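# Residue-level structure breakdown
Here is how the chains run, residue by residue.
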Amino acid sequence: MSTPPVRDHVNREMNFINGARTAGGGEDFDVLDPATGRVVSRYRLASTHDVDTAVASARQAFGSWGRTTPAERSELVGALAAALAARAEEFAEVETSQTGKPLKLSTGFDVAGTVDNAAFFAGAARVLEGSAAGEYSPDHTSMIRREPIGVIGSIAPWNYPLQMAGWKILPAVAAGNTIVLKPAEITPLTAVLLAEAAAEVGFPDGVVNVVTGTGAEAGDALTGHPDVDMVSFTGSTAVGRRVMANCANRAARVHLELGGKAPFVVFDDADIEAAAHGAVAGSLINTGQDCTAATRAYVHISRIEEFVEAVSELFSHIVLGDPRDPGTDLGPLSSARHRDHVAGFVHRAQQSGGTVHAGGKLPGGVFADGFWQLPTLITGLSQQAEAVQQEMFGPVLVVLPFTEDDEGIRLANDSPFGLAASAWTSDVHRALRASREIAAGTVWINDHIPIFSEMPHGGYGASGFGKDMSTYALHEYTQVKHVAMDLTGTARKPWHRTVFALPETGR
Ligand code: NAD
């Protein structure tokens, strides 16, 4: 398997501050191609000083960016969508080089999704709405202003580096905020390219900044920064809790998109062929490193054998290979550490009595130097097993049986997470009941994974709060101000009587 030669434009400084690339003040760090383990890019990590500089630049830019009109912001976000579309191939290649995801996924999902998101927020920037101005007392006119919050500090994970950068940057700047984004240190390339593209289409210096450093240093400095007005974090629940505590110290707003452990509930009347195809695509997308990936299939006991057979058969045809080859279905995991994390779960599941029907081991040969894991299907585990309860974030599907509808729903809800879920049935009443009863931010019926720029994405419970995408995200990045104006022009207002009496009348 080949790693293409390091490209000049990705082997550079990984901060983008005040309209220019800069080198970090920290140590050297290597971005690896997870398919081969080879170095794709070397850069210097951001220091806390770099974070300070980026926040100061965002603060300075907010003064004028916060006063631009929606039309002005819309035009620039639209221009960014067009620039990204024009450079789609380049962005997809760079995304694949740092993540190992198949080029067909980078092209068809990551880049295409980000272009669509940018096009959506270009339009949404112009439709911020609020309540009607009016007289809610006879003596006042009230109106609502929806205003940007200020400087946003955002932290993104490594699984969808470009999409996550887009989900953070686009609604924030469309609503009139400025931003400092910290991508995951192992996958900074497309976030920096996106910030650079924003500058090229005319975003003023300091509106979009990127600092690439570790979570412990740059991430902690950014989320704890006294001049950051709101923190938007996507990542694991454990780190999300730390970020929230950091924000609590100064009562800063926080938006958390955290982990998931999506259930996939197959009722006895489901189309098993559709459910099996859905389970394969839904569990293997991005090598299972998707916070909404199907991870726990609960299948009616009368259909479980059929389901396991169909999924195992489809898993056996999944092609691992060079991510740039159009025939490749599945890429590697993101790092050696993450591969070991997933392999550990699979090993312990086998040791505790789980039956592996497909996969279960690491592929050798040309795959030995990269961070690969075969698609894996496991049955025979209890609901309490760690592989059922904890986020694994790999190409692993666990299948468990249920007998009554209520039991299937109860097992689906038996998790601290609540990001996404799906229900498979041909009965419309069951579908509606499942969509009401499953506690998750997204419930798909007879599908699993599709997302739309117009619709919100966000969790329940330990999956966090706040929404990405859609006008809900735009609202997240605004604050509401009530302006109340006196209509009477009098010095003595009737309500003053509740506070003080006039000396001459006693009233
Ligand atoms: P992670 O929590 O380890 O890291 C996420 C980001 O946080 C990285 O940029 C990291 O450098 C940074 N970070 C780490 N420690 C920090 C600290 N103390 N202060 C500030 N920032 C810090 O998560 P990950 O392993 O990169 O990503 C996988 C996780 O992200 C999974 O749990 C997955 O479910 C979640 N995720 C959620 C969504 C969603 O929309 N809910 C989307 C994608 C990924």
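Just so it is clear, the model here is predicted, and its values are computed rather than measured. (Residues numbered from 1 in each chain as written. Predicted model: local features only at pLDDT ≥ 70, side-chain atom pairs only at ≥ 80, totals over all residues. Heavy atoms only, no water.)

### A look at the overall build of the chain
- When its secondary structure is counted, the chain shows 15 helices and 22 strands.
- Relative to the 2.2 N^0.38 estimate, which gives 23 Å for 507 residues, the radius of gyration of the chain is 25 Å and therefore close to what a compact globule would have.
- In the chain, buried positions account for 55% of the 507 residues.
- Surface accessibility of the chain: about 20600 Å² in total, with carbon and sulfur atoms responsible for 54%.
- Of the side chains in the chain, 39 bear a positive and 58 a negative charge, and the two mean positions are spaced by 7 Å. (Helix = DSSP H or I, 4+ residues; strand = E, 2+ residues; numbered from the N terminus. Rg over C-alpha atoms; globule rule 2.2 N^0.38 Å. Buried < 20%, exposed > 50% of the residue type's maximum accessible area, 1.4 Å probe, protein only. Areas by Shrake-Rupley, 256 points an atom, 1.4 Å probe, with all protein chains shown as cover. Lys, Arg positive; Asp, Glu negative; His and termini not counted. Charge placed at Lys NZ, Arg CZ, Asp CG, Glu CD.)

### Regarding the packing of helix 4 (residues 103-124) against helix 5 (residues 161-174)
- Running from amino to carboxyl end, helix 4 crosses helix 5 at an angle of 5°, the nearest separation of the two axes being 9 Å. Judged by the inter-axis angle, helix 4 sits roughly parallel to helix 5. When helix 4 is examined against helix 5, the residues Phe109, Asp110, Val111, Gly113, Thr114, Asn117, Ala118 and Phe121 are found in contact with a partner set consisting of Leu162, Gln163, Gly166, Trp167, Leu170, Pro171 and Ala174. (Axes fitted to C-alpha atoms, helices over the stretch in contact; angles between N-to-C directions. Parallel < 35°, antiparallel > 145°, perpendicular 65-115°, else oblique. Contact = heavy atoms within 4.5 Å.)

### Here's the deal with a nonpolar patch on the surface
- On the surface, Trp495, Val499 and Phe500 cluster together into a nonpolar patch covering about 360 Å² of accessible area.
- In this structure, Trp495 sits in the segment after strand 22 (478-486). (Patch = residues over 30% accessible without salt bridge, like charges linked within 9 Å, V, L, I, M, F, W, Y side chains within 5 Å. Salt bridge = Lys/Arg side-chain N within 4 Å of Asp/Glu carboxyl O.)

### Focus on the sheet that holds strand 14 (residues 355-358)
- Spatially, the seven strands line up as an open sheet ordered 14-15-16-13-12-18-19, and their pairing is mixed. In the strand order of this sheet, the two ends are held by strand 14 and strand 19 (442-445), each with one partner. For this sheet, the mean angle separating the axes of adjacent strands, direction not counted, is 25°.
- Sheet topology places strand 12 (residues 262-266) next to strand 13 (residues 294-300); five bridges connect them, and they run parallel. Bridge pairing in strand 13 links Val266 to Val299.
- Packing against the sheet, helix 9 (residues 272-284) makes contact with strand 12, strand 13, strand 16 (396-402) and strand 18 (420-424), and its axis sits at approximately 170° to strand 12. (Pairing = 2+ DSSP bridges.)

### Let's talk about the domain arrangement of the chain
- The domains assigned to the chain are domain 1 (48-258 + 463-482) and domain 2 (262-445).
- Measuring from the centre of the C-alpha atoms in domain 1 to the corresponding centre in domain 2 gives 31 Å.
- With 18 residues of domain 1 at the interface, the matching set in domain 2 holds 20 residues.
- When the two sides are added together, the surface that domain 1 and domain 2 hide from each other amounts to roughly 1600 Å², 55% of it contributed by carbon and sulfur.
- Applying the counting criterion to the domain 1 and domain 2 interface returns one salt bridge.
- Taking the shortest distance from any N to any O, the salt bridge between Asp329 and Lys104 comes out at 2.9 Å.
- At the boundary of domain 1 with domain 2, the tally comes to nine residue pairs in polar contact (both at pLDDT 80 or more).
- Taken together, the elements giving at least two residues each to the side of domain 1 that touches domain 2 come down to helix 3 (88-99) and helix 4. (Domains from an automatic or database assignment. Buried area = accessible area lost by both parts, 1.4 Å probe. Polar contact = N/O pair within 3.5 Å; in protein donor to acceptor, adjacent residues only side chain to side chain.)

### Focus: helix 11 (residues 336-351)
- The first and last C-alpha atoms of helix 11 sit 22 Å apart over 16 residues, in line with the 22 Å expected at 1.5 Å per residue.
- When helix 11 is considered as a whole, its buried residues turn out to be His338, Arg339, Val342, Gly344, Phe345, Val346 and Ala349.
- Buried-residue contacts for helix 11 involve strand 15 (376-379), helix 12 (386-389) and strand 16.
- Two residues or fewer after helix 11 comes Gly353, characterised by a positive phi angle close to 100°. (Expected span 1.5 Å × (residues − 1).)

### What to know about the site of the ligand
- With respect to spatial proximity, 28 residues lie near the ligand, and among them Ala156, Ser236, Leu258, Glu391 and His457 are the closest.
- The separation between an oxygen atom of the ligand and a polar side-chain atom of Lys182 is 2.9 Å.
- At 2.6 Å from an oxygen atom of the ligand is found a side-chain nitrogen or oxygen belonging to Ser236.
- Protein contact buries 89% of the 840 Å² of open area that the ligand shows by itself. (Near = heavy atom within 4 Å.)

### Some thoughts on the packing of aromatic side chains
- One pass over the full model with this rule turns up nine aromatic pairs.
- Between Trp158 and Phe393, the aromatic rings sit 5.5 Å apart at their centres with planes inclined by 75°, giving edge-to-face as the arrangement. Here Trp158 is found in the loop between strand 7 (151-155) and helix 5, whereas its partner Phe393 is found in the loop between helix 12 and strand 16, with 235 residues between them in sequence.
- A centroid spacing of 6.2 Å and a plane angle of 45° characterise the contact between Phe264 and Phe307, whose relative ring orientation is tilted. Pair noted here: Phe264 is in strand 12 and Phe307 is in helix 10 (residues 304-316), with a separation of 43 residues, a long-range link.
- The class of Phe264 is buried, set by a relative accessible area of 0%.
- Among the aromatic residues, those joined into a cluster by ring pairs are Phe264, Phe307 and Trp424.
- Positioned over the ring face of Phe500 is Arg492, at 4.5 Å from the centre of the ring. (Phe/Tyr/Trp six-rings, centres within 6.5 Å; stacked < 30°, edge-to-face > 60°. Lys NZ or Arg CZ within 6 Å of the ring centre and 35° of its normal.)

### Regarding unusual backbone geometry
- In the Ramachandran plot, Ala251 falls in the positive-phi region, its phi being about 55° despite a non-glycine side chain.
- Within the secondary structure, Ala251 sits in the loop between helix 8 (237-248) and strand 11 (253-257).
- Within the chain, Asn286 stands out as a residue other than glycine whose phi angle is a positive 55°.
- Position of Asn286 among the secondary structure elements: in the loop between helix 9 and strand 13.

### Side note on the sheet that holds strand 22
- Sheet architecture is open: three strands sit in the order 5-6-22, paired in antiparallel fashion. The open sheet has two free edges, formed respectively by strand 5 (134-137) and strand 22, since each of these has just one partner strand. Each adjacent strand pair in this sheet contributes to an overall mean axis angle of 45°, direction not counted.
- With two bridges joining them, strand 5 and strand 6 (residues 140-148) adopt antiparallel strand pairing. Bridged to Ser137 within strand 6 is His140.

### Observations regarding the pattern of salt bridges
- For the coordinates displayed, the defined rule picks out 22 salt bridges.
- Between Arg348 and Glu386 there is a salt bridge, and its shortest N-O distance comes to 2.6 Å. On the criterion of sequence distance, the pair formed by Arg348 in helix 11 and Glu386 in helix 12 is long-range, its members being 38 residues apart.
- Given the relative accessible area of 38%, Arg348 is considered partly exposed.
- Since its relative accessible area comes to 27%, Glu386 is described here as partly exposed.

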